[in-house]
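Secondary and tertiary structure notes
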Number of protein chains: 2
Amino acid sequence: MREIVIGGAQMGPIQKADSREAVVARMTALLDQAIAAKCDLVVFPELCLTTFFPRWMMEDQAEVDTWFETQIPNAATQPLFDRAAAANVAISFGFAELTPEGRHFNTQILTDRNAEIIGRYRKVHLPGHVEYEAERSHQHLEKRYFEPGDLGFPVWRNLDAWMGMLICNDRRWPEAYREMGLQGVELVMLGYNTPTTNGQGGNEDLEKRIFHSTMSMQSGAYQNSCWVVGVAKAGVEDGHGLFAGSVIVDPDGMVVEEATTDGDELLVHACDMDKALFGKRTIFDFKKHRRIEHYSRITSQTGVIYPDGTAG
Amino acid sequence: MREIVIGGAQMGPIQKADSREAVVARMTALLDQAIAAKCDLVVFPELCLTTFFPRWMMEDQAEVDTWFETQIPNAATQPLFDRAAAANVAISFGFAELTPEGRHFNTQILTDRNAEIIGRYRKVHLPGHVEYEAERSHQHLEKRYFEPGDLGFPVWRNLDAWMGMLICNDRRWPEAYREMGLQGVELVMLGYNTPTTNGQGGNEDLEKRIFHSTMSMQSGAYQNSCWVVGVAKAGVEDGHGLFAGSVIVDPDGMVVEEATTDGDELLVHACDMDKALFGKRTIFDFKKHRRIEHYSRITSQTGVIYPDGTAG
């Protein structure tokens, strides 16, 4: 038994006008709840220090950069790190990262129990588009404001378990979980900001959109025999809805905790990392069952190539 | 609109003593139902001409070979092909294939409307084991009796759509769907024989086992935006239970038809292949969103390699 009590810290909406300090005060309040619940690790959402700014078209890079952090921890987030260190609780959260070299990433960090950053992930699967698209019901300009992550899908040892991170749209891509599964991942932490409607139309009500999100995390968990903690930023931000549906999923793909609100809400579950072992040793014993000689398209081609040779 | 009326022909148990002719008579009765329901294509299960023989340990290769077909169609199956051709209905079914070179595969074929075989798939992800394992509650000797498929995951044009096949355990491996997704697949046909209990133990009741099966098909469908038809061989065979749970899943990952019995049962659904297009052009537009530079472990390593360099 390797039990980690995990807090999944869903966050309600953050408006454009809300300061970092006000947001960090909310995160610290959730952390306090988690400390009281004896959590070992608390996971916060994607880009959780600000509103989900990629919904806004901005031409001025200086304005764009106001949504980014040039350093973490910084003055605004230091209180969160201090509280976590004092309580010996590891944390993970997402933010917009502007590097010293001027590069922009959608990033998530992971700390140890001393609030030292031991892991950094940069979102690989950026959804959306680069230019304003009038036909969309709302903009989703992640491909404009970020470059794709350059760190792959790393896995770290922390709290006596193998841990990795994904961010939002990454959760729909089985390649992302598999890259970590092939490193023995036992816990995947991910946050998301997902609109309640599909900006490109389609036949998706809210229930179906949450189903897609949850199912993607469940199949990622089951097919790699790992825990998945998925936490939303939810509610109505600046007039735009984000769905909730935060969950903790066990290595059998079963939802064991689920958010009931679309505000700040803490899910707590005692997760035994040893539960990941059965699947890894039987049906998903990759060494015995995978057949990489037949997977070559997955890494040799990005888009569709039909059997008649035309590109999709 | 490119509508294909699909019949998913679940089959009840086939006992060791049942002849090929008796089984083909049952298949032909299901085909007749499908013809009456105006089906264009009928999908039968994995290894559907015999009992699921890999549950039995056999030392004598001559005995093993009695469960294999050296040619398809052959005398026993010809009536099925004749009926399908007369009605202009395409069919797909699974059987144990013994090639002229003496090779053994777990195979599925696909015909056009004239009952001409246009596609052949050989199961890649063989579950189970090679030698008798006393600690198992039942044997699952697929790795003993078959070699892994050597044809990859091909996709064919048939009935004005792109079609592929998977067999049983393949449905749990996202690499299998993705290989076909990268060829633009719009319909995946698969059959299975899945025991009602996990021979290696674990914490799985029947409900969870069916959930794993269905979820794997749903996520494969959603994440590649394709239809999936999954048909079981079900019921109690020679004292061993196989679960039912046959489904037709749409490209949104939603179950649109589901079996209600564990016997011979036909699911019918009018599947519009154009429904596959929305997902392929938006959230799963692979060309825009996949990042193959970060997927290299998927094809370069078979088993787990932990970040500390140890092998799993």
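Residues numbered from 1 in each chain as written. Chains lettered and ligands numbered in written order. Predicted model: local features only at pLDDT ≥ 70, side-chain atom pairs only at ≥ 80, totals over all residues. Heavy atoms only, no water.

Regarding its fold elements, chain A presents 9 helices and 14 strands. Against the globule reference of 20 Å for 312 residues, chain A gives a C-alpha radius of gyration of 19 Å, in line with a compact fold. Summarising its shape, the C-alpha atoms of chain A cover approximately 50 × 50 × 40 Å along the three principal directions. Going through the 312 residues of chain A one by one, you find that 63% of them count as buried. For chain A, contacts bridging at least 24 residues in sequence account for 69% of all contacts bridging at least 6. Of the roughly 10500 Å² of accessible surface on chain A, 51% is carried by carbon and sulfur atoms. Charged side chains in chain A number 30 positive and 44 negative. The centres of these two groups are separated by 5 Å. (Helix = DSSP H or I, 4+ residues; strand = E, 2+ residues; numbered from the N terminus. Rg over C-alpha atoms; globule rule 2.2 N^0.38 Å. Buried < 20%, exposed > 50% of the residue type's maximum accessible area, 1.4 Å probe, protein only. Contact = heavy atoms within 4.5 Å. Areas by Shrake-Rupley, 256 points an atom, 1.4 Å probe, with all protein chains shown as cover. Lys, Arg positive; Asp, Glu negative; His and termini not counted. Charge placed at Lys NZ, Arg CZ, Asp CG, Glu CD.)

Strand residues, when the strand is regular, have side chains that alternate between the two faces of the sheet. Residue and element names in this part refer to chain A. Within strand β1 (residues 3-10), 7 of the 8 residues are buried, which leaves the element mostly enclosed by the surrounding structure. When β1 meets strand β14 (residues 265-272), the two strands line up antiparallel, connected through 8 bridges. From the neighbouring strand, Val5 faces β14, where its bridge partner is Ala270. Note that the unit made of β1, helix α1 (residues 20-36) and strand β2 (residues 41-43) has a crossover that is right-handed. (Pairing = 2+ DSSP bridges. Right-handed = clockwise from strand over helix to strand, strands pointing away.)

Residue and element names in this part refer to chain A. Assignment of secondary structure puts Ser137 in the loop between β5 (117-122) and α4 (142-145). Sequence-wise, Ser137 and Arg103 are 34 residues apart; in three dimensions their C-alpha atoms are separated by 29 Å. The contacts of Ser137, once residues within four sequence positions are left out, are Thr197, Asn198 and Gly199. Side chain to side chain, Ser137 and His138 meet in a polar contact 3.3 Å long. (Polar contact = N/O pair within 3.5 Å; in protein donor to acceptor, adjacent residues only side chain to side chain.)

So, about the relation of the copies chain A and chain B. To go from the first copy of the chain to the second, apply a rotation about an axis and then a shift along the same axis. Once chain A has been moved 0.0 Å along the axis and rotated by 180°, it coincides with chain B to within an RMSD of 0.0 Å. In short, the pair behaves as if placed about a two-fold rotation axis. Comparing contact sets, 100% of the residues at the interface of chain A also lie at the interface in chain B, consistent with an isologous, same-surface contact. (Least-squares fit on C-alpha atoms with pLDDT ≥ 70 in both.)

What follows covers the pattern of salt bridges. Evaluated as defined, the whole model comprises 56 salt bridges over all chains. Here A:Asp160 and A:Arg157 are joined by a salt bridge, their closest N and O atoms 2.9 Å apart. We classify A:Arg157 as partly exposed; its relative accessible area is 39%. Among the salt bridges present, the one from B:Lys123 reaches B:Glu46, with a minimum N-O distance of 2.8 Å. Of this pair, B:Lys123 sits in the loop between β5 (117-122) and α4 (142-145) while B:Glu46 sits in the loop between β2 (41-43) and α2 (61-65); the two residues are 77 residues apart in sequence, bridging distant segments of the chain. The same class applies to B:Lys123 as to B:Glu46, namely buried. Three or more residues are tied together by salt bridges with common partners; here these are A:Glu97, A:Arg103, A:Arg120, A:Arg122, A:Glu147 and A:Asp150. (Salt bridge = Lys/Arg side-chain N within 4 Å of Asp/Glu carboxyl O.)

On to the interface of chain A and chain B, then. Across the contact, 71 residues belong to chain A and 71 residues belong to chain B. Together chain A and chain B conceal approximately 6700 Å² of surface at their shared face, both sides included; 61% is due to carbon and sulfur atoms. Counting the contacts that link chain A with chain B gives 44 residue pairs in polar contact (both at pLDDT 80 or more). Elements represented by at least two residues in the side of chain A that touches chain B include exactly α5 (174-181), α6 (206-224), α8 (286-289) and α9 (296-300) of chain A. Looking at the side of chain A that touches chain B element by element, the count peaks at 9 residues for α6(A). (Buried area = accessible area lost by both parts, 1.4 Å probe.)

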